[in-house]
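Residues per chain, in single letters:
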Amino acid sequence: MKHTHPLPGDIGLTQISGATGQLIRFGQWINGDGFADYEHTFLVLPEDRLLEAEPGGARIRPLSEYQGTDVRYVCPRRLTEQQRERICAAADHYVGVPYSFLDYLAIATHRIHLTVPGLRRYVASTHHMICSQLVDRCYQDGGVQLFSDGRWPGYVTPMALFKLLAG
């Protein structure tokens, strides 16, 4: 479900400009998620705040930092207030979690069916997360399973979220 006014528990999808955005866009294309302009995602929290993964670690910031930016807000249909509260409560556990560009490579390796022993265990055990993994994990911790396609935990990109919830 798409909407313009963000509510706690919503997922914000936006672009990243420059070389970093181009690399993420290319990584998503390799992963089969398309080649569109959503390279970053974050979780909307109460009190006009958000949680996002960044290279320096996940952090909570004011939602106003995205004011004037093209952001698409999405969420699953029939998301209850209790689910929203649990999803947002989970966010506190992930502040400071390190970022990992290597997870894009791991997701791509899995997508193109390269056999890499221990790949699934690696992604699950590093405790590093890209932005979309962080949002997906908060939803899981809040009792909401976004994907029902049998994907490995953590194998989610911003475009996968877009395709699931806004496409």
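Analysis parameters
Residue numbers restart at each chain and count upward from 1, following the sequence in its written direction. Given that the model is predicted, a residue must reach a pLDDT of at least 70 before its local features are reported, and side-chain atom pairs must reach 80 or more before they are shown or counted; all residues, however, enter totals for whole chains, interfaces and linings. Derived side-chain values reflect all non-hydrogen atoms in the structure, with water molecules and hydrogen atoms excluded from consideration. Runs of H or I in DSSP of at least four residues are treated as helices and runs of E of at least two as strands, each being numbered from the N terminus. Only protein chains enter the area calculation, which uses a 1.4 Å probe; residues under 20% of their type maximum are buried, those over 50% are exposed, and those in between are partly exposed. When checking whether two residues touch, look at their non-hydrogen atoms; a contact exists if any pair is within 4.5 Å. Residue-level accessible areas treat just the shown protein chains as cover; the underlying method is Shrake-Rupley with a 1.4 Å probe. Any carboxyl oxygen of Asp or Glu within 4 Å of a side-chain nitrogen of Lys or Arg constitutes a salt bridge here. What we call a nonpolar core is a set of buried Ala, Val, Leu, Ile, Met, Phe, Trp, Tyr and Cys residues that are connected through their side-chain atoms within 4.5 Å. In this description, strands pair whenever DSSP reports at least two bridges between them. Here a polar contact is recorded for every N or O atom pair within 3.5 Å, except that within protein the pair must consist of a potential hydrogen donor and a potential acceptor, and residues adjacent in sequence are included only if both atoms are side-chain atoms.

Caption draft 1: Inspection of the overall build of the protein at higher detail. Along the protein, the regular secondary structure elements total six helices and six strands. Sequence-ordered secondary structure for the protein, helices as α and strands as β, is β-β-α-β-β-β-β-α-α-α-α-α. Of all 167 residues assigned to the protein, the portion counted as buried reaches 49%. Considering only contacts in the protein between residues 6 or more positions apart, those separated by 24 or more positions represent 73%. Surface summary for the protein: the accessible area is close to 8700 Å², and the carbon and sulfur share equals 54%.

Caption draft 2: Inspection of the pattern of salt bridges at higher detail. The full count for this structure, using the stated rule, is five salt bridges. Salt-bridge contacts for R61 lead to E52; the nearest nitrogen and oxygen are separated by 2.3 Å. We note that R61, like E52, is buried. R61 gets classed as buried once you look at its relative accessible area, which sits at 12%. Here the residues in one salt-bridge network are E52, E54, R59, R61 and E65, joined through shared partners.

Caption draft 3: Molecular detail of the nonpolar core. Within the largest apolar cluster, 35 residues are counted, with the highest numbers of intra-cluster contacts made by I11, L43, L51, C138, Y139 and L161. Every residue in contact with L161, bar those within four places of it in the chain, is listed here: I11, L13, T41, S132, V135, L146, F147, V156 and A166.

Caption draft 4: Helix α5 (residues 131–141), seen in detail. A large share of α5 lies buried, amounting to eight of its 11 residues. Among the residues of α5, C131, S132, Q133, L134, V135, D136, C138 and Y139 are the ones counted as buried. Within two residues after α5, G143 carries a phi angle of roughly 90°, on the positive side.

Caption draft 5: Structural view of the pairing of strand β4 (residues 49–52). Across three bridges, strand β3 (residues 40–45) lies against β4 in antiparallel orientation. Looking at β4, one finds that V44 is bridged to L50. Hairpin connection between β3 and β4: a loop of three residues separates the two successive antiparallel strands, and E47 in this loop has a positive phi of roughly 60°. Inspection of the sheet shows β4 paired to strand β5 (residues 59–62) by four bridges, in the antiparallel sense. Paired with L51 across the strands is I60, a residue of β5. Counting the residues in the hairpin turn of β4 and β5 gives six residues, including G57, whose phi is positive at 115°.

Caption draft 6: Just the pairing of strand β2 (residues 11–14), in detail. Residues of β2 alternate between two faces, with I11 and L13 on one and G12 and T14 on the opposite face, all of them buried. Bridging between β2 and β3 involves four bridges; their strand directions are antiparallel. Paired with I11 across the bridge in β3 is L43. Sheet topology places β2 next to strand β6 (residues 72–74); three bridges connect them, and they run antiparallel.

Caption draft 7: How the structure looks around the environment of R86. Counting through the fold element by element, R86 comes out in helix α2 (residues 81–91). It is 8.7 Å that separates the C-alpha atoms of R86 and G9, two residues lying 77 residues apart in sequence. At 3.0 Å, the side chain of R86 forms a polar contact with the backbone oxygen of G142.

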